[in-house]
Amino acid sequence: MNLMTTLRQRIGWKLFISYLIIILVGVVSLAITAEFIAPSALDRHMASMSVMMSGNMGGMMGDLTENVRRAINEVLLIAALAATATAVLVSSFVTRRIVRPIEEMTEASRRIADGHYDERVIVVGEDELGELAGSFNQMAHTLAQTEERRRQLIGDVAHELRTPLSSIRSVMEGLVDGVLPAESATFLSVQSEVSRLQRLVHDLEELSRAEAGQIPLEMELVDPATLIHTAAERLRPQFEDKNVQLLLELAPDLPKLRADSERMTQVLLNLMGNALQYTPAGGEVAVIARAETGTITIGVQDSGIGIVPEHLDHIFERFYRVDKSRSRAGGGSGIGLTISEHIIEAHGGSISATSPGPNQGSTFSITLPLDY
Ligand code: ADP
């Protein structure tokens, strides 16, 4: 770091230099006044002394001392005035540079506290104050994003609740008006909407825990092949019902990994369940697992409807569904992948999705570290 950069980035140095300037100016003005003004002042006083030379010596020396003292005082007064004027100028400049940004930040933080999250301060300079202003703006930006997410979440939840509630309401109105028959099919439709609401509430609880990083993990050594077999056996009847083939291609001797087996099964059920939901009858879903250096990769590959690139970037966002009516018909709320991503990240891993395009299938891949 060169000297200029150090000076620009350190307030302590700036203050030191400013005081140095004041002292320097004081000394220089003393020197200048002593050099140029003091002799003429002394001369003037000596001249007035020589007029009185005819008096006695004692009185003359007294006058001499008095006159020299006056001369020095005169000189010092001029020097002190010059130094004070410079000190006022320099210190007011330094104070303005330090105090004004702090006042601005205090004012901005008050406005942010009042809910004006778009408030920002101007970053001036590269010193600690500039750094503080930068961090302040970063904090304001994060607060604005959090507030925006909160607002969006409330909007999303209200939207998700509206559909099942209005459908329950219309069935109830139909029953009250006698338009709908009071038979089990009618009640079943209400029951299915109530189940959807219950699932949604459960998913929301999971989501809020996941987003707060509060999913409790019970880590143990687990065999990935066992996890995959457990999830596959749970879903096999549904695969058979829909006539979609479920294939497991697991590399032999997969190493064990440290994970929460229940949470990992939840993720596999989400991916395999989605693959089944978005793959038409006659298609197939393959779960492929292999070990690489230090990691295990599990891929869930389907021959289904695929995902276009512009949706691929968003499917891990909460409530994001490519085809809302199709997903909703299958009971989907668009939260499953968001929760899965949080679970995988809590295990130190990553999850991603690829698809060659519409109707060409999709692959969801999880990569987990072995030494987590
Ligand atoms: P949902 O409960 O709606 O399925 P997810 O979070 O699990 O919610 O999935 C989000 C969206 O991603 C789904 O609504 C769907 O549009 C898309 N998606 C997920 N898996 C697949 C897949 N295998 N094939 C095609 N689209 C998928």
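Here the structure is shown first, and the text comes after it.
These numbers were taken from a predicted model, which means no experiment stands behind them.

Draft legend 1. The arrangement of a nonpolar patch on the surface in detail. Taken together, Leu-24, Val-28, Ile-32, Phe-36, Ile-37 and Ile-78 make up a surface patch of nonpolar side chains, about 550 Å² in accessible area. In terms of residue count, helix H2 (residues 11-51) provides more of the nonpolar patch than any other element does, five residues in total. Following the sequence through the fold, Val-28 ends up in helix H2. Classification of Val-28 as partly exposed rests on a relative accessible area of 42%.

Draft legend 2. Spotlight on the packing of aromatic side chains. Tallied over the entire structure, the rule returns one aromatic pair. For the ring pair Phe-316 and Phe-364, a centre distance of 6.3 Å and an interplane angle of 65° mean the geometry is edge-to-face. With a gap of 48 residues between them, Phe-316 in the loop between helix H8 (309-312) and helix H9 (324-329) and Phe-364 in strand S7 (residues 362-369) connect regions that are remote in the sequence.

Draft legend 3. Representation of the nonpolar core. Grouped together as the largest cluster of nonpolar side chains are 46 residues, with contacts concentrated most on Leu-268, Leu-271, Met-272, Ile-315, Phe-364 and Ile-366. With seven residues, the top contributor of residues to this core is helix H7 (residues 261-277). The contacts of Leu-268, once residues within four sequence positions are left out, are Leu-227, Ile-228, Ala-231, Gly-273, Ile-298 and Ile-366. Counting eight residues, the second largest nonpolar core, distinct from the first, contains Met-105, Ile-112, Phe-136 and Ala-140.

Draft legend 4. Local environment of the packing of helix H5 (residues 184-211) against helix H10 (residues 336-346). For the pair H5 and H10, interaxial distance at closest approach is 10 Å and the crossing angle is 35°. The crossing of H5 and H10 is left-handed. Here Asp-203, Glu-206, Leu-207, Ala-210 and Glu-211 of H5 lie close against H10, whose contacting residues are Thr-338, Ile-339 and His-342. A class-by-class count of the residues in the contact of H5 with H10 yields three nonpolar, two polar and three charged.

Draft legend 5. View of the pairing of strand S5 (residues 295-302). In terms of burial, S5 is largely enclosed, as seven of its eight residues are buried. In the sheet, strand S4 (residues 284-292) pairs with S5 via eight bridges, with the strands oriented antiparallel. Bridged to Glu-292 within S5 is Thr-295. Adjacent in sequence and paired antiparallel, S4 and S5 are bridged by two residues, among which Gly-294 carries a positive phi angle near 80°. One ladder, built from eight bridges, connects S5 with S7; its direction is antiparallel. Looking at the pairing, Ile-296 lines up with Leu-368 of S7.

Draft legend 6. Main features of the pattern of salt bridges. In total, this model carries 14 salt bridges according to the counting rule given. Between Arg-150 and Glu-147 there is a salt bridge; the shortest N-O distance is 2.9 Å. With a gap of three residues between them, Arg-150 and Glu-147 both fall in helix H4 (residues 128-177), about one helical turn apart. In this structure, the salt-bridge partner of Arg-263 is Glu-206, at a minimum N-O distance of 2.9 Å. Pair noted here: Arg-263 is in helix H7 and Glu-206 is in helix H5, with a separation of 57 residues, a long-range link. What you see here is one network of salt bridges that share partners, running through Glu-107, Arg-110, Arg-111 and Glu-119.

Draft legend 7. Structural context of the side chain of Thr-265. Position of Thr-265 among the secondary structure elements: in helix H7. On the basis of relative accessible area, Thr-265 is assigned to the buried category, the value being 8%. Non-local contacts of Thr-265, meaning those with residues more than four positions away in its chain, are made with Leu-227, Ala-231 and Arg-234.

Reading guide: rules and limits
Residues numbered from 1 in each chain as written. Predicted model: local features only at pLDDT ≥ 70, side-chain atom pairs only at ≥ 80, totals over all residues. Heavy atoms only, no water. Patch = residues over 30% accessible without salt bridge, like charges linked within 9 Å, V, L, I, M, F, W, Y side chains within 5 Å. Areas by Shrake-Rupley, 256 points an atom, 1.4 Å probe, with all protein chains shown as cover. Salt bridge = Lys/Arg side-chain N within 4 Å of Asp/Glu carboxyl O. Helix = DSSP H or I, 4+ residues; strand = E, 2+ residues; numbered from the N terminus. Buried < 20%, exposed > 50% of the residue type's maximum accessible area, 1.4 Å probe, protein only. Phe/Tyr/Trp six-rings, centres within 6.5 Å; stacked < 30°, edge-to-face > 60°. Core = buried A, V, L, I, M, F, W, Y, C linked by side-chain atoms within 4.5 Å. Contact = heavy atoms within 4.5 Å. Axes fitted to C-alpha atoms, helices over the stretch in contact; angles between N-to-C directions. Left-handed = near helix turned anticlockwise from the far one by under 90°. Nonpolar A, V, L, I, M, F, W, Y, C, P; charged D, E, K, R; others polar. Pairing = 2+ DSSP bridges.

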